[in-house]
Amino acid sequence: MLVSSIFTGTSNALASEKSRQASAVDLKIMTYNLRYLNNNDPSPHTWAERVPAIKKLILNEQPDIIGTQEVLYQQLKDLETNLDNYEWIGLGREGGSKGEYSAIFYNENQYSPLEYDHFWLSDTPDVIGSKTWGNTIPRMVTWAKFLDKKSKQSFYVVNTHFDHQSANAREKSAQLILEKIKEFDPALPVVLTGDFNTSPDSVPHQTLTSEGAFNDLWDTAKVRINEDLGTFNGFHDPTGGGPERRIDWVLGKGNVFTHKIEILNDYKNGQFPSDHYPVMADVTLSY
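The rules behind these values
- Residues numbered from 1 in each chain as written.
- Predicted model: local features only at pLDDT ≥ 70, side-chain atom pairs only at ≥ 80, totals over all residues.
- Heavy atoms only, no water.
- Helix = DSSP H or I, 4+ residues; strand = E, 2+ residues; numbered from the N terminus.
- Expected span 1.5 Å × (residues − 1).
- Buried < 20%, exposed > 50% of the residue type's maximum accessible area, 1.4 Å probe, protein only.
- Contact = heavy atoms within 4.5 Å.
- 1 Å grid on protein atoms, 1.4 Å probe; cavity = no way out; pocket = protein on both sides within 12 Å on 5 of 7 lines; lining within 4 Å.
- Points joined across faces, edges and corners; volume = space filled by probe spheres on them.
- Nonpolar A, V, L, I, M, F, W, Y, C, P; charged D, E, K, R; others polar.
- Phe/Tyr/Trp six-rings, centres within 6.5 Å; stacked < 30°, edge-to-face > 60°.
- Lys NZ or Arg CZ within 6 Å of the ring centre and 35° of its normal.
- UniProt positions renumbered as here; feature names shortened; annotations may be inferred.
- Polar contact = N/O pair within 3.5 Å; in protein donor to acceptor, adjacent residues only side chain to side chain.
- Pairing = 2+ DSSP bridges.
- Axes fitted to C-alpha atoms, helices over the stretch in contact; angles between N-to-C directions.

The name recorded for the protein in an unreviewed UniProt entry is Endonuclease/exonuclease/phosphatase family protein, from Metabacillus sediminilitoris.

Set out below in structure tokens:
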């Protein structure tokens with residue numbers, strides 16, 4: 001299991017190395033709430049039955065990075081077994097392997113984490129499991145700075161799961177994320193993935209996309225697929241609740257050009273791989 005740490009590289013980067021950097025990175029990035037493992041979901045939506053469907057979806061789509069939400073440690077191990085070439089970064093929201101993760105999966109053949117960390121969505125973000133804004137369960141962020149091995153360029157991925165009950169917690173969570181990313185290298189692009197548990201016309205969305213912070217890649221994409229859908233299907237609603245229930249977002253900060261973004265409404269014979277549809281964006285990061 002990966003835990004908080006910082007991989008430090010050599011400080012004396014050579015000019016010749018910089019000269020080999022490409023000016024762009026093409027990236028396929030997905031956000032996916034995978035529904036936590038439990039004994040209450042009936043067939044065909046038990047975790048054991050859903051794993052093959054999730055595997056098929058991911059292998060068909062070939063995302064480079066996946067921001068996941070709601071996964072427990074056993075689910076991470078199952079995904080690790082089923083998804084060749086993917087590694088993950090994460091920490092349970094209650095510390096160690098306890099509780100749900102907001103884990104980031106990445107294709108280890110193409111990307112290396114240079115540094116990563118976690119913080120909690122509360123007034124005490126460095127305190128594991130902390131909650132101070134009216135949410136009854138802890139909420140957190142996992143972030144990583146990745147190196148694209150081919151281009152030698154770097155970028156950040158931030159992944160989160162906002163509270164489903166407290167509007168105050170969601171609003172303050174958005175504000176905290178904006179504060180935290182000020183610590184990042186401002187020259188590098190940032191992609192934010194998550195289940196935000198609120199609609200695109202909400203205060204948290206407005207906060208995250210105001211004053212040149214993030215852009216919602218759904219709005220800036222050259223091509224949008226399944227615009228009539230939402231992302232929460234609840235294992236029964238093929239419409240995902242409609243556009244007002246587009247609660248899973250991919251946001252970008254910096255030079256992020258979105259070629260295409262899609263709500264992936266895969267389901268077959270009454271089985272949905274999760275109670276959320278994943279969202280995937282094909283982007284180019286420019287440097």
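*Asks:* Would you take a moment to explain helix α2 (residues 47-61) for this structure?
*Replies:* Each α-helix turn comprises 3.6 residues. Residues three or four places apart therefore point the same way. Spanning 15 residues, α2 covers 20 Å between terminal C-alpha atoms, matching the ideal 21 Å at 1.5 Å per step. Of the positions making up α2, those classed as buried are W47, R50, V51, A53, I54, L57 and I58. On its buried side, α2 packs onto β2 (24-33), β3 (65-69), α3 (73-82) and β4 (86-89). Phi turns positive, to about 55°, at Q62, one or two residues after α2.

*Asks:* Mind showing me how you'd approach empty space enclosed by the protein here?
*Replies:* Where empty space is left becomes clear once a probe the size of a water molecule has been rolled over the atoms. Inspection of every chain in the model, using the stated rule, returns 2 cavities of 30 Å³ or more. Its boundaries defined by the atoms lining it, the largest cavity holds a volume of some 60 Å³. Split into classes, the residues belonging to the lining of the largest cavity amount to 3 nonpolar, 2 polar and 4 charged. When its volume is computed, the second largest cavity comes out at roughly 40 Å³.

*Asks:* I keep staring at the packing of aromatic side chains and nothing clicks. Help me out?
*Replies:* The way to describe two aromatic rings as a pair is by their centre distance and the angle between their planes. Scanning all chains against the criterion turns up 12 aromatic pairs. Measuring from centroid to centroid gives 5.2 Å for Y106 and F146, while their planes differ by 50°, and the two rings are tilted. With Y106 in strand β5 (residues 104-107) and F146 in strand β7 (residues 140-148), this pair connects stretches of sequence that are 40 residues apart. Here Y106 and F146 have matching classes, each one buried. Judged by centre distance (4.7 Å) and plane angle (20°), the ring pair of Y267 and F272 falls under stacked. Take Y267: its relative accessible area is 39%, and that puts it in the partly exposed class. By way of ring pairs, the aromatic residues Y106, Y111, F146 and F155 are connected into one cluster. The residue whose ring lies beneath K180 is F119, and the NZ or CZ to ring-centre distance is 5.3 Å.

*Asks:* What is the right way to read the UniProt feature "domain: Endonuclease/exonuclease/phosphatase" (unreviewed entry) in the protein from this model?
*Replies:* Those residues carrying the UniProt feature "domain: Endonuclease/exonuclease/phosphatase" (unreviewed entry) are residues 30-276 in this numbering. Annotated as 20% helix and 28% strand, the span residues 30-276 places its first and last C-alpha atoms 12 Å apart.

*Asks:* Looking at this structure, how should I read the environment of H276?
*Replies:* Looking at the element boundaries, H276 is found in the loop between β13 (256-263) and β14 (279-286). Exposure remark for H276: the relative accessible area of 5% places this residue in the buried category. Distance from H276 to L34, taken between C-alpha atoms, is 7.0 Å for residues 242 residues apart in sequence. Excluding residues that lie within four positions of it along the chain, H276 makes contacts with Y32, N33, D195, T231, F232, N233, I247 and D248. A polar contact is formed between the side chain of H276 and the side chain of N33, at a distance of 3.5 Å.

*Asks:* Can you help me understand the side chain of T193 in this one?
*Replies:* Within the secondary structure, T193 is located in strand β9 (residues 190-195). At 2.8 Å, the side chain of T193 and the side chain of N159 are in polar contact. Here T193 is in contact with I29, M30, T31, G67, Q69, V158, N159, T160, W249 and V250, once residues within four sequence places are set aside.

*Asks:* In this structure, what is going on with the layout of surface pockets? I would like to understand it.
*Replies:* Each pocket or cavity is described by its volume, and for the second largest pocket that value is around 250 Å³. Along the walls of the second largest pocket sit 17 residues, with E70, H161, H164, D195 and N197 positioned nearest its centre. Its residues assigned to classes, the lining of the second largest pocket shows 4 nonpolar, 5 polar and 8 charged.

*Asks:* Got a minute to help me understand the sheet that holds strand β11 (residues 223-225) in this structure?
*Replies:* Note: strands within a sheet are paired through backbone hydrogen bonds, in either parallel or antiparallel orientation. A sheet is described by the order of its strands in space; here 7 strands give the open sequence β4-β5-β3-β2-β14-β13-β11, paired in mixed fashion. This sheet does not close on itself; its edge strands, each paired only once, are β4 and β11. Strand after strand, the sheet turns through a mean of 20° between neighbouring axes, direction not considered. Pairing geometry for β2 and β14, over 8 bridges, is antiparallel. Within the sheet, the bridge partner assigned to V25 lies in β14 and is L285. The strands touched by α2 within the sheet are β2, β3, β4 and β14, with β2 carrying the most contacts at an inclination of about 165°. Contacting β4 and β5, α3 runs over the sheet at an angle of about 160° to β4.

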